[in-house]
Amino acid sequence: MVQAFYEAEYLFTVPPTVFNPPPKVNSGVLRLRRKENFTLPCNEKLFFSVVKTGFQQRRKTLRNSLKSFNLSDNLKEDTIFDLRPEQLTVEQFIELTQKIEANAV
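Quick summary incoming for the structure in this document. (Residues numbered from 1 in each chain as written. Predicted model: local features only at pLDDT ≥ 70, side-chain atom pairs only at ≥ 80, totals over all residues. Heavy atoms only, no water.)

**Focus: unusual backbone geometry**
Stage number 1. In this chain, N20 is followed by P21 through a cis amide linkage whose omega measures -5°.
Stage number 2. Here P21 lies in the loop between β1 (6-14) and β2 (27-34).
Stage number 3. The phi angle at N37 is positive, at roughly 50°, despite the residue not being glycine.
Stage number 4. In this fold, N37 is placed in the loop between β2 and α2 (44-56).
Stage number 5. Look at N37 and you get exposed, because its relative accessible area is 79%.
Stage number 6. Located in the positive-phi region is N70, a residue other than glycine, with phi close to 50°.
Stage number 7. If you trace the backbone, N70 turns up in the loop between α3 (62-65) and α4 (73-76). (Helix = DSSP H or I, 4+ residues; strand = E, 2+ residues; numbered from the N terminus. Buried < 20%, exposed > 50% of the residue type's maximum accessible area, 1.4 Å probe, protein only.)

**Here's the deal with the environment of E36**
Stage number 1. Tracing the chain through its elements places E36 in the loop between β2 and α2.
Stage number 2. Distance in space between the C-alpha atoms of E36 and M1 is 16 Å, their sequence separation being 35 residues.

**Quick word on the packing of α2 against helix α5 (residues 90-104)**
In a packed pair of helices, the relevant descriptors are the angle between the two axes and the axis-to-axis distance.
Stage number 1. At a minimum axis separation of 9 Å, α2 and α5 run at an interaxial angle of 110°. Taken together, α2 and α5 sit at an angle that is classed as roughly perpendicular. Classified by chirality, the crossing of α5 by α2 is right-handed. Counted together, L46, F47, V50, V51 and F55 of α2 and V90, F93, I94, L96, T97, I100 and E101 of α5 form the full contact between these two elements.
Stage number 2. When the residues that make up the contact of α2 with α5 are grouped by side-chain class, the tally is ten nonpolar, one polar and one charged. (Axes fitted to C-alpha atoms, helices over the stretch in contact; angles between N-to-C directions. Parallel < 35°, antiparallel > 145°, perpendicular 65-115°, else oblique. Left-handed = near helix turned anticlockwise from the far one by under 90°. Contact = heavy atoms within 4.5 Å. Nonpolar A, V, L, I, M, F, W, Y, C, P; charged D, E, K, R; others polar.)

What follows is the structure, given as structure tokens:
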């Protein structure tokens, strides 16, 4: 979701010793810069819903995690539904949202 509206830049790693209690992993610091005059070429509300729903059960394929959208059988045959949400780029999520939006018509 962040990648759709921001440019993300990795700055540095923070060791666990600076936190109390210390986590068991290193942390990273990112700089986020808002993309200027950026709008999605799809319905933003639907885009948020597709991304959020897809990642609620991120180990499942999109075909299973997006069942609540009542997709047509024809649309469910698209190969994008064989992927897991973390495998998609922002552009693919936009394309998926456009397909779901067209399917609703």
